[in-house]
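Listed here are the chains, written in short residue letters.
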Amino acid sequence: MSFIKAAGALEGHARYSDPLREQQHLVETINRLQRLHEWKDMAIVIAYDDSDGLYDHLQPPLVNASNTARDALTGPGACGQSPPAADQGRCGYGPRLPLLVISPYAKRNFVDHTLTDQSSIIRFIEDNWGLPRIGDQSFDERAGTIEHMFDFSHRRLGGLYLDPVTGRKLEEDRDN
């Protein structure tokens with residue numbers, strides 16, 4: 001399990017990053033990872049932490065009751081009353097964000113409509129390796145699964161390599 005976080009100028013943040021440099025960094029990283037021997041058992045999950053809500057037109061669902069002034073999403077008290085032990089200021093999801101899975105086990109041309117968030121990745125790790133939930137009101141307990149994005153009964157060999165500048169297909173290697 002490894003996590004890669006791009007430098008600020010490459011991470012795709014709408015306020016200070018260049019989306020073309022982000023694309024180039026992502027493609028170069030994915031191309032490099034697909035050439036590793038470990039690729040045959042790898043899954044790359046690309047998740048974004050926010051987009052400043054610059055492209056989403058739908059209000060996210062409320063998933064956690066909270067009654068505090070820190071509820072910037074809907075305003076104080078608009079998420080309902082929390083149980084006394086619940087964390088405050090965790091009203092709901094922010095804007096919808098892309099979550100991509102690239103893997104020899106990923107379903108080809110598949111769009112999953114399961115409600116997921118960043119903690120869905122943690123849930124997948126827990127489920128895949130038989131680990132317990134984090135607990136203490138962590139969102140992995142209620143996170144949607146990303147397992148629908150995989151077909152573990154069928155592994156495709158090779159990889160798809162893209163041009164880091166244009167995003168066009170360079171080659172498809174089926175001999176890994």
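In the block above lies the structure referred to throughout.
Residues numbered from 1 in each chain as written. Predicted model: local features only at pLDDT ≥ 70, side-chain atom pairs only at ≥ 80, totals over all residues. Heavy atoms only, no water.

### Considering the overall build of the protein chain
Along the backbone of the protein chain there are two helices and four strands. Listing every helix and strand of the protein chain by position from the N terminus yields α-β-β-α-β-β. For the protein chain, the proportion of its 176 residues judged to be buried stands at 31%. For the protein chain, the share of sequence-separated contacts (at least 6 apart) that also reach a separation of at least 24 residues comes to 55%. As presented, the protein chain carries roughly 11400 Å² of accessible surface, and 54% of it is formed by carbon and sulfur atoms. (Helix = DSSP H or I, 4+ residues; strand = E, 2+ residues; numbered from the N terminus. Buried < 20%, exposed > 50% of the residue type's maximum accessible area, 1.4 Å probe, protein only. Contact = heavy atoms within 4.5 Å. Areas by Shrake-Rupley, 256 points an atom, 1.4 Å probe, with all protein chains shown as cover.)

### Notes on the packing of aromatic side chains
The description of an aromatic ring pair uses the distance of the two centres, along with the angle that the planes make with each other. A complete count under the given rule lists three aromatic pairs for this structure. Arranged with centres 5.1 Å apart and planes meeting at 10°, the rings of F150 and F152 form a pair that is stacked. Judged by relative accessible area, which is 6%, F150 ranks as buried. Every member of this aromatic cluster is reached through a ring pair, and the members are Y105, F124, F150 and F152. Over the face of the ring belonging to Y161 we find R35, whose NZ or CZ atom lies 4.1 Å from the ring centre. (Phe/Tyr/Trp six-rings, centres within 6.5 Å; stacked < 30°, edge-to-face > 60°. Lys NZ or Arg CZ within 6 Å of the ring centre and 35° of its normal.)

### A look at the nonpolar core
Soluble globular proteins tend to pack their nonpolar side chains together in the buried interior. Counting residues in hydrophobic clusters, the biggest one holds ten residues: L99, V101, Y105, A106, I121, F124, I125, I146, M149 and F150. Contributions of two or more residues to this core are made by strand 2 (99-102) and helix 2 (119-128). The biggest single contributor to this core is helix 2, with three residues. In contact with L99, not counting residues within four places along its chain, are V45, I46, A47, T116, D117, I121, I146 and M149. (Core = buried A, V, L, I, M, F, W, Y, C linked by side-chain atoms within 4.5 Å.)

### A closer look at the pairing of strand 3 (residues 159-162)
What you see with strand 3 is a clean split: G159 and Y161 sit on the buried side and L160 and L162 on the side with no burial. Of the strand pairs in this sheet, strand 3 and strand 4 (residues 169-173) are connected by four bridges, and their pairing is antiparallel. Within strand 4, the residue paired with G159 across the bridge is D173. (Pairing = 2+ DSSP bridges.)

### Here's the deal with unusual backbone geometry
Positive phi outside glycine occurs at N109, with the angle close to 55°. Mapped onto the fold, N109 is located in the loop between strand 2 and helix 2. For N109, a relative accessible area of 77% corresponds to the exposed category.

### Let's talk about the pattern of salt bridges
One pass over the full model with this rule turns up six salt bridges. Here E11 ties to K5 by a salt bridge, and the two come within 2.5 Å at their closest N and O atoms. For K5, a relative accessible area of 65% gives the class exposed. Residues joined in a network through salt bridges with shared partners are R123, E126, D127 and R133. (Salt bridge = Lys/Arg side-chain N within 4 Å of Asp/Glu carboxyl O.)

### Quick notes on helix 1 (residues 19-34)
Here helix 1 contains 16 residues, and its C-alpha end-to-end distance of 22 Å stays within 8% of the 22 Å for a straight helix at 1.5 Å per residue. Taken residue by residue, helix 1 has E22, V27, T29, I30, N31 and Q34 as its buried positions. Lining the buried residues of helix 1 we find strand 1 (44-47), strand 2 and strand 3. With a side-chain oxygen lying 2.8 Å from the backbone nitrogen of L20, the N-terminal cap of helix 1 falls on D18. (Expected span 1.5 Å × (residues − 1). Polar contact = N/O pair within 3.5 Å; in protein donor to acceptor, adjacent residues only side chain to side chain.)

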